[in-house]
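The primary structure of each chain is shown beneath.
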There are 2 protein chains.
Amino acid sequence: MQNFTFISPTKIIFGKDTESLLGNEVKQYSSNVLLCYGGGSIKKTGVYDKVINSLKHSNVNYTELSGIRPNPRLSLVYQGIKLCRENNINFIIGVGGGSVIDTAKAIAVGVPYNGDVWDFYTGKQEVTKALPVGDILTIPATGTEASNSSVITNEQGLFKKGINSDLIRPVFSILNPELTFTLPAYQTACGACDMMAHIMERYFTNEPNVDLTDRLSEAALKTIINNTPLVLKNPKDYNARAEIMWAGTLAHNGLMGTGRVEDWASHKIEHELSAIYDIAHGAGLSIIFPAWMRYVYKHNIKRFVQFAVRVWDVNLSFDNEEAIALEGIRRITEFFKSIGLPVTLTDAGISQDRIEEMADKCTASDTNTLGNFVTLHKQDIINIYKMAK
Amino acid sequence: MQNFTFISPTKIIFGKDTESLLGNEVKQYSSNVLLCYGGGSIKKTGVYDKVINSLKHSNVNYTELSGIRPNPRLSLVYQGIKLCRENNINFIIGVGGGSVIDTAKAIAVGVPYNGDVWDFYTGKQEVTKALPVGDILTIPATGTEASNSSVITNEQGLFKKGINSDLIRPVFSILNPELTFTLPAYQTACGACDMMAHIMERYFTNEPNVDLTDRLSEAALKTIINNTPLVLKNPKDYNARAEIMWAGTLAHNGLMGTGRVEDWASHKIEHELSAIYDIAHGAGLSIIFPAWMRYVYKHNIKRFVQFAVRVWDVNLSFDNEEAIALEGIRRITEFFKSIGLPVTLTDAGISQDRIEEMADKCTASDTNTLGNFVTLHKQDIINIYKMAK
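Residues numbered from 1 in each chain as written. Chains lettered and ligands numbered in written order. Predicted model: local features only at pLDDT ≥ 70, side-chain atom pairs only at ≥ 80, totals over all residues. Heavy atoms only, no water.

### Concerning the overall build of chain A
Stage number 1. On a plain count of helices and strands, chain A comes out with 15 helices and 8 strands.
Stage number 2. Taking 21 Å as the expected radius of gyration for a compact globule of 389 residues, we find that chain A reaches 20 Å, a close match to that expectation.
Stage number 3. Expressed as a percentage of its 389 residues, the buried residues of chain A come to 62%.
Stage number 4. Contacts spanning at least 24 positions in sequence make up 76% of the contacts within chain A whose residues lie at least 6 apart.
Stage number 5. Once the 38 positive and 41 negative side-chain charges of chain A are each reduced to a mean point, those two points are 3 Å apart. (Helix = DSSP H or I, 4+ residues; strand = E, 2+ residues; numbered from the N terminus. Rg over C-alpha atoms; globule rule 2.2 N^0.38 Å. Buried < 20%, exposed > 50% of the residue type's maximum accessible area, 1.4 Å probe, protein only. Contact = heavy atoms within 4.5 Å. Lys, Arg positive; Asp, Glu negative; His and termini not counted. Charge placed at Lys NZ, Arg CZ, Asp CG, Glu CD.)

As structure tokens, then:
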């Protein structure tokens, strides 16, 4: 087990009707906030009205920034920073899914910084200061509600980049599973896949003696696997929605990575897909992760055996470890299909024209490599994209 | 699943040599601290010298409060409060096990309070203010290093009482598994039992649809069950010590209780034992918990079946649920015995003379009852003590 530092200070306010507690929470920090949200869905579902009422009731002044889309754009971050500066705003609220909250976080680091906020995303600058962020989550998926990360797309060149800093962990996060009842099946499935990927990016490690984090990871994976089909069958199944929502937060608050070297190759390989083709991140992951698994499983077959046996209840003879590992990969692939996700580029209608370009982009770092479970070079990434065809 | 609020802001600094980071962490909060510790063990092991060097290196001024014993006494808390007031101290460090850290927390709430700090423990006053606490844990057991609780014994009448407040969660906790190498086998086993009890107090609930918290709890239980025999065999097994240490923190930071109604009867029944007989809390729990299980299992047999199957791998026919439940209880009892813990009052040399007195004391609340899984009245508690004879 590796030495680690773990901090997850986000106050989780979980359950029915909790969005009405927003004003009360916020006013402990500020009475002048930026309220970020997406398209019209929170207005249709009535969440918007509840949020506004709660803020008004607590005498919290708000300025709105709306229209945040999936794969959130840098231009809107600039707009939010401008609004905050013009109005002396010192707290950012995100009401929505990962894109909204990631935008809120980007604005939070951008306001106190004199340069271009994109500098943080390109690694030119390290985050040393951020306004506090709070959120109401409506799409469980990215885990950003308690994570240290924010991913933004720069529409100039379609670069999708992320930052990590404990300073951008939200101070509170309101999670009401009822708000996810109206999530379409496809988005629900994409969210489930994203959560599973967050766990698996940490689970596939070469670090030995990570018994507890392995078991916690398996616990969360099994919860997501068991409950996703239930909500697809009955979108208003509160309990199943609640299990998924809470699992999504724990999947990415850092707990599942304690003591290990994490991988994150699949996420970066996927980011290039969604930056160019604008497909949902979860749908990109359901294509990339199984391909990555087939490409790397031989490197540490015992890890894939454990994954197959403990997570997927594969019960084949241990004489043939490769058969067990492959059966585990087959089961996760079938699971993704069963919840309506693409598992190949073809399924998602993506051609292979730009594979080389994507492989170039995602290896454009100091080392020109990706991943820690297996170190991947440009040609490996091309092979993985091709394996996913 | 119940609505819940969860906050666990403690920064965990985990791994080898991490005690040398103390001064650097502390100085972010204060340059004038109270340093609490127990008997001579931290001097023998060299931890004391490292702590002092680290504080000096960071120019942090310290005043010492030593001699804190297991089942920590109120009189020493008073002494600590006095020291802080006399020396304008605004940060409390505990270096040691649960008793030391619980004492540090008690001092932290006592300093800014004008009345008697015991008021908080009797429920006369609610905690509204506390000095920040940081710690170096040397005995993984109580989970106090990231919990919201503190348990103190008032030697006037041998009352052992606890408080719960998010304000007393340590701001940081330094966990170096190496510091636990010298823990005697008995204390190691007591710690393991205490952790398991923290999880089981939450696991035995009548709340349905707590799939994730169930699985997380089972994960932590299995980790403790698997690793405790390893450290008893080889006390310097770093990895096994690390698994147990991290499991002990997560067992009691609140995570395993999210969404449930918790029980806590066994802890309170045990507290009377250790207040009177001064036996280790973990050794009291290994006596009380199995007795409690035998007394209540029929109330919700499916919970005990799940416990037996998932935690203890009981593989009997599901035709006979009672047999499965009882086999689970038998296995945990055998496990406690196998790690050298008492499982009856007789094992611990405790007579039955004061059962009535203990039952009176632990039901001395507004409701005169204990527990939520099954509501226990005085006679039930007498029955459980007798079952444990």
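On we go from here.
### Here we look at the packing of aromatic side chains
Stage number 1. Following the criterion strictly, the structure yields 46 aromatic pairs over all chains and no others.
Stage number 2. Between Phe204(B) and Phe304(B), the aromatic rings sit 4.3 Å apart at their centres with planes inclined by 25°, giving stacked as the arrangement. In this pair, Phe204(B) is assigned in the loop between helix 7 (185–203) and helix 8 (211–233) and Phe304(B) in helix 12 (residues 301–312), connecting sequence segments 100 residues apart. Phe304(B) matches Phe204(B) in its accessibility class, with the two residues each being buried.
Stage number 3. Through successive ring pairs, a cluster of aromatic residues spans Tyr203(A), Phe204(A), Phe289(A), Trp292(A), Phe304(A), Phe307(A), Trp312(A), Phe335(A), Phe336(A) and Phe373(A).
Stage number 4. Here the basic side chain of Lys361(A) rests over the ring of Phe159(A), its NZ or CZ set 4.9 Å away from the ring centre. (Phe/Tyr/Trp six-rings, centres within 6.5 Å; stacked < 30°, edge-to-face > 60°. Lys NZ or Arg CZ within 6 Å of the ring centre and 35° of its normal.)

### Some words on the relation of the copies chain A and chain B
Stage number 1. Mapping chain A onto chain B leaves a residual RMSD of 0.0 Å; the transformation is a rotation of 180° accompanied by 0.0 Å of translation along its axis. Each copy turns onto its partner about a two-fold axis. Residue Pro9(A) of chain A places its C-alpha closer to the rotation axis than any other residue of that unit, at 1.9 Å.
Stage number 2. A share of 100% of the interface residues of chain A reappears at the interface of chain B, consistent with the copies meeting face to face through the same patch. (Least-squares fit on C-alpha atoms with pLDDT ≥ 70 in both.)

### What to know about the side chain of Thr103(B)
Residues and elements named next belong to chain B.
Stage number 1. Following the sequence through the fold, Thr103 ends up in helix 5 (residues 98–110).
Stage number 2. Overall, Thr103 belongs to the buried group, its relative accessible area being 1%.
Stage number 3. What Thr103 contacts, discounting residues up to four positions off in sequence, is Ile68, Pro72, Val77 and Ile152.

### Some words on the interface of chain A and chain B
Stage number 1. Chain A puts 39 residues into the contact, and the matching count from chain B is 39 residues.
Stage number 2. Three residues stand out in chain A for area buried against chain B, namely Met1(A), Leu212(A) and Trp246(A), and they jointly supply 19% of the buried area on that side.
Stage number 3. Linking chain A with chain B are 0 salt bridges.
Stage number 4. Counting across the interface, chain A meets chain B through 18 residue pairs in polar contact (both at pLDDT 80 or more).
Stage number 5. Within the residue set of the side of chain A that touches chain B, elements represented by two or more residues are strand 1 (4–14), helix 8 (211–233) and helix 9 (238–250) of chain A.
Stage number 6. Classifying every residue of the side of chain A that touches chain B by side-chain character gives 20 nonpolar, 13 polar and 6 charged. (Buried area = accessible area lost by both parts, 1.4 Å probe. Salt bridge = Lys/Arg side-chain N within 4 Å of Asp/Glu carboxyl O. Polar contact = N/O pair within 3.5 Å; in protein donor to acceptor, adjacent residues only side chain to side chain. Nonpolar A, V, L, I, M, F, W, Y, C, P; charged D, E, K, R; others polar.)

### Quick notes on the sheet that holds strand 3 (residues 61–65) of chain B
Stage number 1. Strand order in this open sheet of 12 strands is 3(A)-2(A)-4(A)-5(A)-8(A)-1(A)-1(B)-8(B)-5(B)-4(B)-2(B)-3(B), and the pairing throughout is mixed. At either end of the open sheet lies a strand with only one pairing partner, and these are strand 3 (61–65) of chain A together with strand 3 of chain B. Neighbouring strand axes in the sheet, compared pairwise and without regard to direction, differ in orientation by 25° on average.
Stage number 2. Two strands pair when backbone bridges link them, and strand 2 (residues 32–37) of chain A and strand 3 of chain A are joined in this way by 5 bridges, in the parallel orientation. Considered in strand 3 of chain A, the bridge of Leu34(A) is made with Thr63(A).
Stage number 3. Where helix 4 (residues 74–87) of chain A meets the sheet, it contacts strand 2, strand 3 and strand 4 (91–96) of chain A, and its direction lies at approximately 155° from that of strand 3 of chain A.
Stage number 4. Most of the contacts of helix 9 of chain A go to strand 1 of chain A, to which it runs at about 150°, and overall it touches strand 1, strand 5 (133–137) and strand 8 (172–175) of chain A together with strand 1 (4–14) of chain B. (Pairing = 2+ DSSP bridges. Axes fitted to C-alpha atoms, helices over the stretch in contact; angles between N-to-C directions.)

### Some details on the packing of helix 7 of chain B against helix 10 (residues 265–277) of chain B
Residues and elements named next belong to chain B.
Stage number 1. Between helix 7 and helix 10, whose axes approach to 9 Å, the crossing angle comes to 135°. Here helix 7 is positioned oblique relative to helix 10, judged by the angle of their axes. Contacts between helix 7 and helix 10 involve Asp194, Ala197, His198 and Glu201 on the former and, on the latter, Ala265, Ser266 and His267.
Stage number 2. The residue inventory of the contact of helix 7 with helix 10, partitioned by class, reads 2 nonpolar, 3 polar and 2 charged. (Parallel < 35°, antiparallel > 145°, perpendicular 65-115°, else oblique.)

### Observations regarding the side chain of Thr188(A)
Residue and element names in this part refer to chain A.
Stage number 1. Considering the arrangement of structural elements, one finds Thr188 in helix 7 (residues 185–203).
Stage number 2. With relative accessibility at 7%, the residue Thr188 sits in the buried group.
Stage number 3. Within the local environment of Thr188, its side chain forms a polar contact with the backbone oxygen of Leu183, the two atoms lying 3.5 Å apart.

### Topic: helix 10 (residues 265–277) of chain A
All names here are of chain A.
Stage number 1. Taking 1.5 Å per residue as the helical rise, helix 10 with its 13 residues ought to reach 18 Å, and the 19 Å between its terminal C-alpha atoms agrees with that figure.
Stage number 2. Among the 13 residues of helix 10, 11 are classified as buried, and the element is accordingly described as predominantly covered.
Stage number 3. Taken together, the buried positions of helix 10 are occupied by Ala265, Ser266, His267, Ile269, Glu270, His271, Glu272, Leu273, Ser274, Ala275 and Ile276.
Stage number 4. For helix 10, the elements touching its buried residues are strand 6 (149–154), strand 7 (159–164), helix 7, helix 11 (281–296), helix 14 (355–362) and helix 15 (378–387). (Expected span 1.5 Å × (residues − 1).)

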